[in-house]
Amino acid sequence: MTLLDRHYTEKRDYMRMPVNTPATIMLTDTDNQIDCTCRNLSAAGMLLEVNQEFKPGSSFQVLISTDREGYEPFNAIVKVSRCVNFDTDRFLLGVVIDQMN
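These figures come from a predicted structure and were not determined experimentally.

About the cut-offs
Residues numbered from 1 in each chain as written. Predicted model: local features only at pLDDT ≥ 70, side-chain atom pairs only at ≥ 80, totals over all residues. Heavy atoms only, no water. Pairing = 2+ DSSP bridges. Helix = DSSP H or I, 4+ residues; strand = E, 2+ residues; numbered from the N terminus. Salt bridge = Lys/Arg side-chain N within 4 Å of Asp/Glu carboxyl O. Buried < 20%, exposed > 50% of the residue type's maximum accessible area, 1.4 Å probe, protein only. pLDDT = per-residue confidence, 0-100. Contact = heavy atoms within 4.5 Å. Patch = residues over 30% accessible without salt bridge, like charges linked within 9 Å, V, L, I, M, F, W, Y side chains within 5 Å. Areas by Shrake-Rupley, 256 points an atom, 1.4 Å probe, with all protein chains shown as cover.

Where strand 1 (residues 17-26) meets strand 2 (residues 33-41), eight bridges bridge the pair, whose relative direction is antiparallel. Considered in strand 2, the bridge of proline 22 is made with threonine 37. With three bridges connecting them, strand 1 and strand 4 (residues 59-64) associate as antiparallel partners. By the bridge assignment for strand 4, methionine 26 is matched with glutamine 61.

This part is about the pattern of salt bridges. For the coordinates displayed, the defined rule picks out two salt bridges. Glutamate 49 is paired through a salt bridge with arginine 39; the nearest N and O atoms lie 2.8 Å apart. You can see glutamate 49 sitting in strand 3 (residues 45-50) and its partner arginine 39 sitting in strand 2, a full ten residues away along the chain. What makes arginine 39 partly exposed here is its relative accessible area of 27%. What emerges from the salt-bridge pattern is a single network uniting Arg39, Glu49 and Arg90.

Of all residues in the chain, 86% attain a pLDDT of 70 or more, and the chain-wide mean is 87. In the predicted structure, residues 1-8 sits below a pLDDT of 50 and forms four contacts with residues beyond four places in sequence or in another chain.

A separate point is a nonpolar patch on the surface. Together, Met15, Met17 and Val19 make up a nonpolar patch on the protein surface, roughly 290 Å² of accessible area in all. Mapped onto the secondary structure, methionine 15 falls in the segment before strand 1. Taking relative accessible area as the criterion, methionine 15 reaches 63% and is therefore assigned exposed.

Another aspect to go through is unusual backbone geometry. Even without being glycine, asparagine 20 reaches a positive phi, approximately 40°. Its relative accessible area of 52% is what places asparagine 20 among the exposed residues. A positive phi angle, close to 60°, is found at aspartate 89, a residue other than glycine. Among the structural elements, aspartate 89 can be located in the loop between strand 5 (74-87) and strand 6 (90-100).

Here it is as structure tokens:
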């Protein structure tokens with residue numbers, strides 16, 4: 001199937017998978033860690049729920065731990081594409097995966 005064959009409303013190349021799992025933001029310019037929730041994940045990006053506002057263009061590392069022995073945590077450098085305030089002191093961050101570590 002080519003992009004032209006897809007329905008008009010489909011704009012993503014990769015399916016989003018709902019994961020709703022704890023994640024950690026590691027800020028690259030400091031040693032600060034921020035707990036967040038990864039709401040969904042795709043091959044190109046993720047949606048994070050966090051209690052801090054981030055400006056579009058901000059970059060940081062995201063870690064998603066696993067309880068399974070022998071597996072490394074999901075570890076990626078991401079860039080914020082959008083930040084939406086959806087509740088008092090709660091923000092949704094749409095981020096693009098720049099690099100998998």
